[in-house]
Amino acid sequence: MSFPVISSRQKHSMAGSIVDFKNLSSEGQNNYLRALESFPGQAIVDFSALVKNMRLMRSRFAPAQVMGIVKANAYGHGLIPSCLAAIKAGCTWIGVAKAQEALAIRRGGINREMCRVLAWLANCVWSPYEEMIEADIDVALGSMDEIRAVAAAAKKSGKRARVHIVVDTGFSRNGFLPEKFEDALSFLKKLVEEGRLKVVGIMSHFSSADLLDSESEKYTDFQLHNFSDFVKKAEKFGFKDLLKHISNSASSFSRPFSRFDMVRPGNSFYGYAADYSLGSPQDFGLTPALTLEAQLAKVKDVEGERSVSYGRTYKTGGKTSLAIVPLGYADGILRTAGGSNTGEEKIGAPVRILSSAGPKIARACGKVCMDQFMIDLGSPAEELGIMEGDTVRLFGAGCGESEAEPTADDWARRAENISYVIYTNLSLKIPRLYLNAKKELQEKELSLLNPECVLS
Ligand SMILES: *Cc1c(COP(=O)(O)O)cnc(C)c1O
């Protein structure tokens, strides 16, 4: 493949990107150009950041094992690439919510030798339990109907199903309540004796581990206490060496006692604390892996007071320029992320632009539209050296100090939300591109990635 020829305007556009175009291979350059032509926004994932985050957690949480949580397309980061990054960092367990995601992992070439896979959200009527058993996927059981369905599927396939018992310690989502638990245990015991099931683990989930007030702390203690009671009961029924797991990102960092045999961090794998109130990524030694960029659609000079977007919640003042970022709520950008200055004052989400004097933050202004939102550049575009087509960064790894490079936490703060939602919402229309995949992966694993997504 030969190196593409790019115009000076294209070069200008690329200057604001995290992608170091001139140092990519010709394949990487062609992939990047194809992505720019196919959609006006890109989600660029740093493979090395994912690997580093997982390595940090593995060493911090040892001797507990770490299950990498990759539900919801790995919080928007891409399912198979994120699994490969977790495995590269030594993870031997991968967790998802839905049965179909677990099957997609196996279909994507991640086999039993590479890792165990657990799915905890299925239903007894439609879920492909037989296929899951065949694919060596662990199933989390949370109802009597589900136990029956999985046992029937195991009988059909002639293989023991590997299961984890879900217990409701206070979340009121999946899992058995204490009053129904003994029925479940005796039923499970019978099915184990009949050779249908192998009970591998017992699990639950915290509701408030990311909250710091004392009521929440007490509630987490209460859930831990309940979990121990469930475990004791299971032991009485002869389930002695179960893998015990309850901990998410927040509790894994803050509560060593919650780690048990295995922890299940999701958000911190992608580089963020569970909530920005707990600290910045840097405070935890984490590196946000995803950078969201877009190419400005229009840039125009305005003077005086001009209302911006639906509902006229923002007005410009003086001489400035407005620019359009071509991503909107149909692409997963929260409608509430824009700033307002007409009624209630609200600061908009930050966008990093590259002015002729260096990086500068412009803010989303007015309501986010379906396909686009506006930013107020604060000065005339020409003075700043900003042009239509320029690449801007909505969020990325950040720098920990000011908002010179925004993170998804900054977006969460401005849209009154959590970082999880910021990247999980990103539409599949936005191309996912990977940096440092070639550095981190062997040829064999690299072949499981869509080659068009690999930049370096
Ligand atoms: C999402 C999820 C996790 C991971 O939670 P984080 O807060 O992202 O670390 C762990 N376990 C279960 C059951 C989950 O649903």
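Residues numbered from 1 in each chain as written. Predicted model: local features only at pLDDT ≥ 70, side-chain atom pairs only at ≥ 80, totals over all residues. Heavy atoms only, no water.

Here we look at unusual backbone geometry
At step 1: That bond from Ala62 to Pro63 is cis: its omega, 10°, falls within 30 degrees of zero.
At step 2: Here Pro63 is to be found in the loop between α3 (47-61) and β2 (65-69).
At step 3: A positive phi angle, near 45°, is found at Phe260, a position not held by glycine.
At step 4: As for its placement among the helices and strands, Phe260 is situated in the loop between α11 (249-254) and β9 (262-263).
At step 5: Residue Glu416 is not a glycine yet carries a positive backbone phi of 45°.
At step 6: Mapped onto the elements, Glu416 comes out in the loop between α13 (408-414) and α14 (419-424). (Helix = DSSP H or I, 4+ residues; strand = E, 2+ residues; numbered from the N terminus.)

Here's the deal with the site of the ligand
At step 1: Around the ligand, the structure places 13 residues, and the nearest of them are Lys71, Tyr75, Ser249, Gly266 and Tyr420.
At step 2: In this structure, a nitrogen atom belonging to the ligand sits 2.9 Å away from a side-chain N or O atom of Arg264.
At step 3: Here Asn267 contributes a backbone N or O atom positioned 2.8 Å from an oxygen atom of the ligand.
At step 4: Coverage of the ligand by the protein chains reaches 94% of its 390 Å² of free accessible surface.
At step 5: Within the shell around the ligand, the residues separate by chemical class into 5 nonpolar, 5 polar and 3 charged. (Near = heavy atom within 4 Å. Polar contact = N/O pair within 3.5 Å; in protein donor to acceptor, adjacent residues only side chain to side chain. Areas by Shrake-Rupley, 256 points an atom, 1.4 Å probe, with all protein chains shown as cover. Nonpolar A, V, L, I, M, F, W, Y, C, P; charged D, E, K, R; others polar.)

With respect to the pairing of strand β8 (residues 243-247)
At step 1: Among the 5 residues in β8, 5 count as buried, and that is most of the element.
At step 2: Two strands pair when backbone bridges link them, and strand β7 (residues 197-203) and β8 are joined in this way by 3 bridges, in the parallel orientation. Bridge pairing links Ile202 to Lys244 in β8. (Buried < 20%, exposed > 50% of the residue type's maximum accessible area, 1.4 Å probe, protein only. Pairing = 2+ DSSP bridges.)

Considering the sheet that holds strand β4 (residues 116-121)
At step 1: The strand order β2-β3-β4-β5-β6-β7-β8-β9 describes a closed barrel built from 8 strands, whose pairing is parallel.
At step 2: The sheet strands contacting α3 are β2 and β9, and the helix crosses β2 at an angle near 150°.
At step 3: Along the sheet, helix α8 (residues 144-157) contacts β5 (137-141), β6 (161-166) and β7; its crossing angle with β5, the most-contacted strand, is approximately 150°. (Contact = heavy atoms within 4.5 Å. Axes fitted to C-alpha atoms, helices over the stretch in contact; angles between N-to-C directions.)

Observations concerning helix α5 (residues 79-88)
At step 1: Extensive coverage of α5 is indicated by the burial of 9 of its 10 residues.
At step 2: Of all the residues in α5, the buried ones are Leu79, Ile80, Pro81, Ser82, Cys83, Leu84, Ala85, Ala86 and Ile87.
At step 3: Close packing links the buried residues of α5 with α3, α4 (71-75), β3 (93-98), α6 (99-107), β19 (432-435) and α16 (443-446).
At step 4: Gly90 sits one or two residues past α5 and shows a positive phi near 100°.

Focus: the packing of aromatic side chains
At step 1: A full pass over the atoms with the stated rule returns 12 aromatic pairs.
At step 2: Consider the rings of Tyr219 and Phe222, whose centres lie 5.3 Å apart with planes at 45°: the pair is tilted. Separated by 3 residues within a single helix, Tyr219 and Phe222 lie in helix α10 (residues 214-236), roughly one turn from each other.
At step 3: With relative accessibility at 42%, the residue Phe222 sits in the partly exposed group. (Phe/Tyr/Trp six-rings, centres within 6.5 Å; stacked < 30°, edge-to-face > 60°.)

Remarks on the environment of Arg432
At step 1: The topology assignment puts Arg432 in strand β19.
At step 2: Along the primary structure Arg432 and Glu217 are separated by 215 residues, whereas in three dimensions their C-alpha atoms are 38 Å apart.
At step 3: The contact partners of Arg432, leaving out residues within four places of it in the chain, are Ala43, Asn73, Gly76, His77, Leu426, Ser427 and Cys453.
At step 4: Polar contacts involving the side chain of Arg432 include one to the main-chain carbonyl oxygen of Gly76, which spans 2.8 Å.
At step 5: In this structure the side chain of Arg432 is engaged in a polar contact, spanning 2.7 Å, whose partner is the backbone oxygen of Ser427.

Describing the state of the cysteines
At step 1: Under the definition given, this model contains 0 disulfides.
At step 2: Cysteine Cys365 is unpaired, with the sulfur of Cys369 as its nearest cysteine sulfur at 10.0 Å.
At step 3: For Cys365, a relative accessible area of 1% translates into the label buried.
At step 4: Accessibility expressed as a relative area gives 11% for Cys369, which makes it buried. (Disulfide = S-S within 2.5 Å.)

What to know about the pattern of salt bridges
At step 1: Taken as a whole and judged by the stated rule, the model has 20 salt bridges.
At step 2: Lys22 is the partner of Asp20 in a salt bridge, and the nearest nitrogen-oxygen pair spans 3.3 Å.
At step 3: On the accessibility criterion, Asp20 (35% relative accessible area) is partly exposed.
At step 4: Lys244 is the salt-bridge partner of Asp261, the closest N and O atoms lying 3.4 Å from each other. Of this pair, Asp261 sits in the loop between α11 and β9 while Lys244 is found in strand β8, placing the two residues 17 residues apart along the sequence.
At step 5: Here Asp261 falls in the partly exposed class, since its relative accessible area comes to 27%.
At step 6: Salt bridges linked by common partners bring Arg112, Arg116 and Asp136 together as one network. (Salt bridge = Lys/Arg side-chain N within 4 Å of Asp/Glu carboxyl O.)

Points about helix α2 (residues 26-38)
At step 1: Between its first and last C-alpha atoms α2 spans 18 Å; for 13 residues at 1.5 Å apiece the expected length is 18 Å, and the two agree.
At step 2: Among the residues of α2, Ser26, Gly28, Gln29, Asn31, Tyr32, Leu33, Ala35 and Leu36 are the ones counted as buried.
At step 3: In this structure, the buried side of α2 is in contact with α1 (8-14), β1 (41-46), β10 (290-295) and β19. (Expected span 1.5 Å × (residues − 1).)

Re the environment of Leu224
At step 1: Note on placement: Leu224 falls in helix α10.
At step 2: Its relative accessible area of 13% is what places Leu224 among the buried residues.
At step 3: Distance in space between the C-alpha atoms of Leu224 and Ser258 is 7.1 Å, their sequence separation being 34 residues.
At step 4: Look past the residues within four positions of Leu224 in its chain and what remains in contact with it is Phe206, Arg255, Phe257, Ser258 and Phe260.

A look at the domain arrangement of the protein chain
At step 1: Per the domain assignment, the segments of the protein chain are domain 1 (47-280) and domain 2 (296-425).
At step 2: Facing the 11 residues of domain 1 at the interface are 13 residues of domain 2.
At step 3: Interface area, domain 1 with domain 2, both sides summed: about 1,000 Å², of which 56% is carbon and sulfur.
At step 4: Between the two partners, domain 1 and domain 2, sit 0 salt bridges.
At step 5: Inspection of the region where domain 1 meets domain 2 yields 3 residue pairs in polar contact (both at pLDDT 80 or more).
At step 6: Among the residues making up the side of domain 1 that touches domain 2, the classes are represented as 6 nonpolar, 4 polar and 1 charged. (Domains from an automatic or database assignment. Buried area = accessible area lost by both parts, 1.4 Å probe.)

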